[in-house]
Amino acid sequence: MDTRQTVAPPRPVKLFHRFANPGQFLRLSGRVLPWLYGSGVLLTAIGVIWGLFFAPDDWQQGDTVKIMYVHVPFAWLASAGYVSLAICSVLSLIWRHPLADLAAAELGPVGAAFTAVCLATGSLWGKPTWGAWWVWDARLTSVFVLFLLYLGHIALVRAFDDPTRGYRAGAILALVGVINLPIIKFSVNWWNTLHQPASIGLTGAPTIAASLLWPLLFTTLGFTLLFAAITVARTRAGVMERRIRMLLMAKTSEASQS
Amino acid sequence: MKRKTKRLLILLACGAGLASAAGLTLSAFSDNLVFFVSPSDLGKNTPNGRQMRLGGMVEQGTVERTSGGHAGARFKVTDGKADVMVTYNGLLPDLFREGQGVVVLGVEQPDGVFKASEVLAKHDENYMPKEVVDALKKSGEWNPSSGSPPPNAVWNAPAKPAGS
Amino acid sequence: MTHLPYIAASYVLAIGVPLFFAIGTTLRLRAAKQRLALIDPRGKR
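Our subject in this report is the structure included herewith. (Residues numbered from 1 in each chain as written. Chains lettered and ligands numbered in written order. Predicted model: local features only at pLDDT ≥ 70, side-chain atom pairs only at ≥ 80, totals over all residues. Heavy atoms only, no water.)

1. What about the nonpolar core?
No. 1: With 65 residues, the main nonpolar core has Met68(A) and Tyr82(A) as its most contacted residues.
No. 2: With 15 residues, helix H4 (residues 68-95) of chain A is the single largest residue contributor to this core.
No. 3: Not counting residues up to four positions away in its chain, the partners in contact with Met68(A) are Pro73(A), Trp125(A), Ile208(A), Leu212(A), Leu216(A) and Tyr127(B).
No. 4: Counting residues in hydrophobic clusters, the runner-up holds 20 residues, among them Val157(A), Val239(A), Leu29(C) and Ala32(C). (Core = buried A, V, L, I, M, F, W, Y, C linked by side-chain atoms within 4.5 Å. Buried < 20%, exposed > 50% of the residue type's maximum accessible area, 1.4 Å probe, protein only. Helix = DSSP H or I, 4+ residues; strand = E, 2+ residues; numbered from the N terminus. Contact = heavy atoms within 4.5 Å.)

Below is the structure:
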């Protein structure tokens, strides 16, 4: 799995450990966060206004094609969020990175919510275009499985009295679930599905007319920045809350000793 | 061996095992994962009265909408090699047209006609504004009812002025 | 053909969900900061 190879080389390890220091993370993330929020809101606003009011209608779908500008970013983030979760899991399992545990626990709910929006907007798009809210084809089913994986991770991480065991179990579940990502990506090529194949790929030009494509680039980048902002902010809160718990625990043990 | 390296190796081994297991399972079940069968697949078997999904393109010039009280249509679904006559009583989706991909749910009758209870329009991966389609039609580069559009390099060139 | 209700519902979801998370997280962060300021011996953070 390619997500593992990216963290395997030994050189970046030192870098990771520098950011593993929670104090360092709080300082750095505090500086970055306003920029993430600001640029995310700006790009999303440009994309949404462009898409809703200025982009032309599709010749077949009419104005329903505007749902693309929100559906596609959320579909991309459902998968990209899971890749981040898997990277955190590797960092947690192999390098026992303390920040990765917190980040994974905070990523789960955000990823699940974004996947739910992807499914819901897809449904709202499917009814007027295909004629059905939902079909059990390979693409829709595999994204639904992704949603269940997120829910399983959320539950598992919080299921143990000892948080470390929860993080460990959650990381293993997240890595097992990585197998679902290529299935989602290639389901539309491997099997007959009602869902159409990808319009934008690494190879070949996109099969969306340029006038329809521009707003999509803006909303995709904008929502991605917002996803990152929310995740970083939640991880910050997680670090602070853990520090509060540790301080309180130290206080109670001091009180019982004296 | 360092403990970290050991953990990494264990993880890689588990991943490789899991990936191959999933790959084998998927290839074994790939027939069951198919959402619809094509007209040529349908021609291979005799009608068995079971409900199934048939997917293909609405053949050009074969759509007859039922006139009168209720909505409905007769049309041929083709995959280029074989075609199947489909009858349907009900409202067709907005995207239904000649040359469009469709997936119909129904039963193949003994006479080979496919009686549909549901028609879904399949959208392809191409998105373009009306002006671009009109330009392509005008220049004779694409007739929408005859199949997929030409490569996007052809139609994205005239689309650029509209985008800026 | 227009499908305005479908489009409106999609955009409400797509904008509402991130907004909900952003507000919730900001409140959580603020609460944690205040709490930490009260009990952290190292003071400011």
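2. Considerations on the pattern of salt bridges
No. 1: Tallied over the full model, the rule gives five salt bridges over all chains.
No. 2: Residue Glu106(A) is joined to Arg234(A) by a salt bridge in which the shortest nitrogen-to-oxygen separation is 3.2 Å. With a gap of 128 residues between them, Glu106(A) in helix H5 (residues 98-129) and Arg234(A) in helix H9 (residues 210-257) connect regions that are remote in the sequence.
No. 3: Assessed through its relative accessible area of 8%, Glu106(A) is described here as buried.
No. 4: A salt bridge links Glu241(A) to Arg28(C); the nearest nitrogen and oxygen atoms lie 2.9 Å apart. With Glu241(A) in helix H9 and Arg28(C) in helix H1 (residues 4-39), this residue pair bridges two chains. (Salt bridge = Lys/Arg side-chain N within 4 Å of Asp/Glu carboxyl O.)

3. Structural notes on the packing of H4(A) against helix H6 (residues 138-157) of chain A
Residues and elements named next belong to chain A.
No. 1: In the contact formed by H4 and H6, the axes pass within 11 Å of each other and the chain directions differ by 40 degrees. The angle between the axes of H4 and H6 places the two elements in the oblique class. In the crossing of H4 with H6, the sense of the turn from one axis to the other is left-handed. Between H4, through Leu77, Ala78, Ser79, Gly81, Tyr82 and Leu85, and H6, the contact on the second element is made entirely by Leu146, Leu149, Tyr150 and His153.
No. 2: Per-class residue counts for the contact of H4 with H6 are seven nonpolar, three polar and no charged. (Axes fitted to C-alpha atoms, helices over the stretch in contact; angles between N-to-C directions. Parallel < 35°, antiparallel > 145°, perpendicular 65-115°, else oblique. Left-handed = near helix turned anticlockwise from the far one by under 90°. Nonpolar A, V, L, I, M, F, W, Y, C, P; charged D, E, K, R; others polar.)

4. Some details on the interface of chain C and chain A
No. 1: Of the residues lining the interface, 27 residues belong to chain C; the matching set on chain A comes to 42 residues.
No. 2: Both sides of the chain C and chain A interface together cover about 3100 Å² of buried area, and 73% of this is carbon and sulfur.
No. 3: Its largest share of buried area at the contact with chain A, chain C owes to Tyr6(C), Tyr11(C) and Arg28(C), together 22% of the area lost on that side.
No. 4: The tally of links between chain C and chain A comes to two salt bridges.
No. 5: For the side of chain C that touches chain A, the residue count by class is 17 nonpolar, four polar and six charged. (Buried area = accessible area lost by both parts, 1.4 Å probe.)

5. Let's talk about the packing of aromatic side chains
No. 1: Using the criterion set out here, one finds 15 aromatic pairs over all chains in the structure.
No. 2: Considering the side-chain rings of Trp133(A) and Tyr6(C), the 5.9 Å spacing of their centres and the 40 degrees angle between planes classify their relative orientation as tilted. Taken together, the positions of Trp133(A) in the loop between H5 and H6 and Tyr6(C) in helix H1 put the pair across two chains.
No. 3: The class for Tyr6(C) is partly exposed, based on a relative accessible area of 21%.
No. 4: When the ring of Trp136(A) is compared with that of Phe144(A), the centres are 5.9 Å apart and the planes differ by 80 degrees; the resulting orientation is edge-to-face.
No. 5: Three or more aromatic residues joined by ring pairs form one cluster here, namely Phe74(A), Phe114(A), Phe223(A) and Phe227(A).
No. 6: The aromatic ring of Phe186(A) is capped on one face by Lys185(A), whose charged end is 5.3 Å from the ring centroid. (Phe/Tyr/Trp six-rings, centres within 6.5 Å; stacked < 30°, edge-to-face > 60°. Lys NZ or Arg CZ within 6 Å of the ring centre and 35° of its normal.)

6. Re the interface of chain B and chain A
No. 1: Contacts between chain B and chain A engage 43 residues on the former and 47 residues on the latter.
No. 2: Taken over both partners, the interface formed by chain B and chain A buries close to 3900 Å², and the fraction arising from carbon and sulfur atoms is 64%.
No. 3: Across the contact surface, chain B and chain A share zero salt bridges.
No. 4: Examining the composition of the side of chain B that touches chain A, we find that ten residues originate from one element, helix H1 (residues 3-29) of chain B, more than from any other.
No. 5: Class assignment of the residues belonging to the side of chain B that touches chain A gives a composition of 26 nonpolar, eight polar and nine charged.

7. Looking at the environment of Thr164(A)
Residue and element names in this part refer to chain A.
No. 1: Inspection of the secondary structure assignment puts Thr164 in helix H7 (residues 163-177).
No. 2: Residues Thr164 and Asp101, spaced 63 residues apart in sequence, show a C-alpha to C-alpha distance of 8.3 Å.
No. 3: In terms of polar contacts, Thr164 uses its side chain to reach the side chain of Asp162, at 3.0 Å. (Polar contact = N/O pair within 3.5 Å; in protein donor to acceptor, adjacent residues only side chain to side chain.)

8. Considering the side chain of His195(A)
No. 1: Structurally, His195(A) is set in the loop between helix H8 (180-190) and H9.
No. 2: Among the residues examined, His195(A) registers a relative accessible area of 14% and is labelled buried.
No. 3: Not counting residues within four places of it along the chain, the set of residues in contact with His195(A) comprises Trp130(A), Asp137(A), Arg139(A), Leu140(A), Val188(A) and Lys122(B).

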